[in-house]
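Take a look at the letters that make up each chain.
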Amino acid sequence: MSRKRVAVLISGRGSNFQALAKAARAPDYPAEIVLVVSDREEAAGLAIAEAEGIATRTVPYRAIGNKSLAESEVLKALAEARVELVCLAGFMRVLSPGFVDAWHDRMINIHPSLLPAFPGLDTHRRALEASVAEHGCTVHFVSSEVDSGPIIAQAKVPVLPGDTPESLAARVLIEEHRLYPEALRLVASGKVKPERG
Ligand code: GRF
C-alpha cells in the first residue's frame, strides 16, 4: 500500500495534529505525516512533531510581513517534502485563493462546529448563545470561502445544562481527535472525493 504523504499546518497547540500522527503510526493507515508547518515558532505543536521525529518548518508570517511571500515559502516546503495532501489543524491564517486553487481537492480542514452553522471564530460561545441542543465538529475540503467546501465527516455532541464555552470546547475536542483521523483515512484511501457541482 502506498501511503499518502501528508503535511499538517498548525498555529498553536497541535492536538489535532497529534491525533493524526498517532493514527498514522498504524502500518495500515493510508497516510503518513511527513511535515508540520507552523506560522509561529512558539506553536506547541512543533515540539510534539519533533518528539515524534516528524520534520517541521516554521514560516514566520508576521516577520515576513507579506502574505504572498509567506505562502510561497509554505508552497515550497510542501513541494520539497513531496506532500500529496494538506491537513489544516488550527492554522490561523486565511489562505489566498491562489493557494487554495493550488491544493484544490487535496486540502482538508477541521472546524469546531457543525457547518454550515458557525463558520469563523469563537464557535463554542456562539453555539451557547444560540441555545442549540447539539454542537460538534466538521472535516471538510477547503474552498476559497472560509470554513466552507464539501463536508467529509461530522461528529455531534450534546449541549448540556450549565455548559460554558470551555466545557463545550473540551467535549467537542474529544470528537475532533476521533473524527479527523477517520476523515483523513477516507480521503487518503480515495474513498471520499469532493462532489463536483
Ligand atoms: C481546534 O478546535 C480546531 O477545530 C480549530 O482550531 C483548534 C486547534 O486545536 N480549527 P489544536 O491546535 O489542534 O489543538
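Residues numbered from 1 in each chain as written. Predicted model: local features only at pLDDT ≥ 70, side-chain atom pairs only at ≥ 80, totals over all residues. Heavy atoms only, no water.

Enquirer: I'd love a proper account of the overall build of the protein, names of residues and values included.
Expert: Helix and strand counts for the protein stand at seven helices and seven strands. Start at the N end of the protein and walk to the C end: the helices and strands fall as β-α-β-α-β-α-α-β-α-β-α-β-β-α. Dimensions of the protein, computed from the C-alpha atoms along their principal axes, are close to 50 × 40 × 40 Å. Looking at the protein as a whole, 46% of its 197 residues are labelled buried. (Helix = DSSP H or I, 4+ residues; strand = E, 2+ residues; numbered from the N terminus. Buried < 20%, exposed > 50% of the residue type's maximum accessible area, 1.4 Å probe, protein only.)

Enquirer: An account of the packing of helix 1 (residues 15-24) against helix 7 (residues 165-188) is requested, with residue identities and associated values reported.
Expert: At a minimum axis separation of 9 Å, helix 1 and helix 7 run at an interaxial angle of 45°. Overall, the two elements helix 1 and helix 7 adopt an arrangement that is oblique. Where helix 1 crosses over helix 7, the handedness of that crossing is right-handed. Across the interface between the two elements, Ser15, Asn16, Ala19, Leu20 and Ala23 of helix 1 pack against Leu173, Glu176, His177, Tyr180, Pro181 and Leu184 of helix 7. For the contact of helix 1 with helix 7, the residue count by class is seven nonpolar, three polar and one charged. (Axes fitted to C-alpha atoms, helices over the stretch in contact; angles between N-to-C directions. Parallel < 35°, antiparallel > 145°, perpendicular 65-115°, else oblique. Left-handed = near helix turned anticlockwise from the far one by under 90°. Contact = heavy atoms within 4.5 Å. Nonpolar A, V, L, I, M, F, W, Y, C, P; charged D, E, K, R; others polar.)

Enquirer: With reference to specific residues and values, describe helix 4 (residues 67-80).
Expert: With 14 residues, helix 4 should reach 20 Å at 1.5 Å per residue; the first-to-last C-alpha distance of 20 Å fits that figure. Within the sequence span of helix 4, burial applies to Ala70, Glu71, Val74, Ala77 and Leu78. Within helix 4, the buried residues cover an arc of 115° as seen down the axis, which keeps them to one side. Exposed side of helix 4, more than 90 degrees from the buried face: Ser68 and Ala79 are the residues found there. You can read the cap of helix 4 off the contacts: a side-chain oxygen lies 2.9 Å from the backbone nitrogen of serine 68, and it is on asparagine 66. Once helix 4 ends, the next one or two residues include arginine 82, with phi positive near 50°. (Expected span 1.5 Å × (residues − 1). Arc of directions from axis to C-beta. Polar contact = N/O pair within 3.5 Å; in protein donor to acceptor, adjacent residues only side chain to side chain.)

Enquirer: Which residues make up the site of the ligand, and what are the values?
Expert: Arg13, Gly14, Ser15, Asn16, Gly90, Ile110, Pro112 and Glu176 make up every residue found near the ligand. At a separation of 2.8 Å, an oxygen atom of the ligand approaches a polar backbone atom of asparagine 16. One of the side-chain nitrogen or oxygen atoms of glutamate 176 is found 2.7 Å away from an oxygen atom of the ligand. Burial of the ligand by the protein amounts to 84% of the accessible area it has alone, namely 370 Å². For the shell around the ligand, the class distribution of residues is two nonpolar, four polar and two charged. (Near = heavy atom within 4 Å. Areas by Shrake-Rupley, 256 points an atom, 1.4 Å probe, with all protein chains shown as cover.)

Enquirer: Describe unusual backbone geometry, naming the residues involved and giving the relevant values.
Expert: Leaving glycine aside, a negative phi is the common case for residues, and trans is the common case for peptide bonds. Going from leucine 115 to proline 116, the amide bond is cis rather than trans, its omega being 10°. On the secondary structure map, proline 116 appears in the loop between strand 5 (107-111) and helix 6 (123-129). Its identity as a non-glycine residue notwithstanding, phenylalanine 118 has a phi of 55°, on the positive side. Here phenylalanine 118 lies in the loop between strand 5 and helix 6. With phi around 60°, aspartate 122 is a residue other than glycine that occupies positive phi space. With respect to the element layout, aspartate 122 can be found in the loop between strand 5 and helix 6.

Enquirer: Break down the packing of aromatic side chains for me, citing the residues and quoting the values.
Expert: On inspection of all chains with the given rule, the structure shows one aromatic pair. Geometrically, the ring pair formed by tyrosine 61 and phenylalanine 91 is edge-to-face, given 6.1 Å between the ring centres and 75° between the ring planes. Remark: phenylalanine 91 occurs in the loop between strand 4 (85-88) and helix 5 (97-102) and tyrosine 61 occurs in helix 3 (residues 61-64); sequence separation between them is 30 residues. In this structure, tyrosine 61 and phenylalanine 91 share a single accessibility class: buried. Here the basic side chain of arginine 106 rests over the ring of tryptophan 103, its NZ or CZ set 4.1 Å away from the ring centre. (Phe/Tyr/Trp six-rings, centres within 6.5 Å; stacked < 30°, edge-to-face > 60°. Lys NZ or Arg CZ within 6 Å of the ring centre and 35° of its normal.)

Enquirer: Tell me about the sheet that holds strand 6 (residues 134-141), and please be specific about residues and values.
Expert: Overall, mixed pairing links the seven strands, which are arranged 3-2-1-4-5-6-7 in an open sheet. Each edge of the open sheet is held by one strand with a lone partner, namely strand 3 (55-58) and strand 7 (151-158). The sheet shows a mean angle of 20° between the axes of neighbouring strands, direction not considered. Where strand 4 lies against strand 5, three bridges are found, and the strand directions are parallel. Across the sheet, the residue bridging to valine 86 is methionine 107, located in strand 5. Seen against the sheet, helix 2 (residues 44-52) touches strand 1 (4-10), strand 2 (31-38) and strand 3 and runs at an angle of roughly 155° to strand 3. (Pairing = 2+ DSSP bridges.)

None of the figures reported here should be taken as evidence of function without further support.
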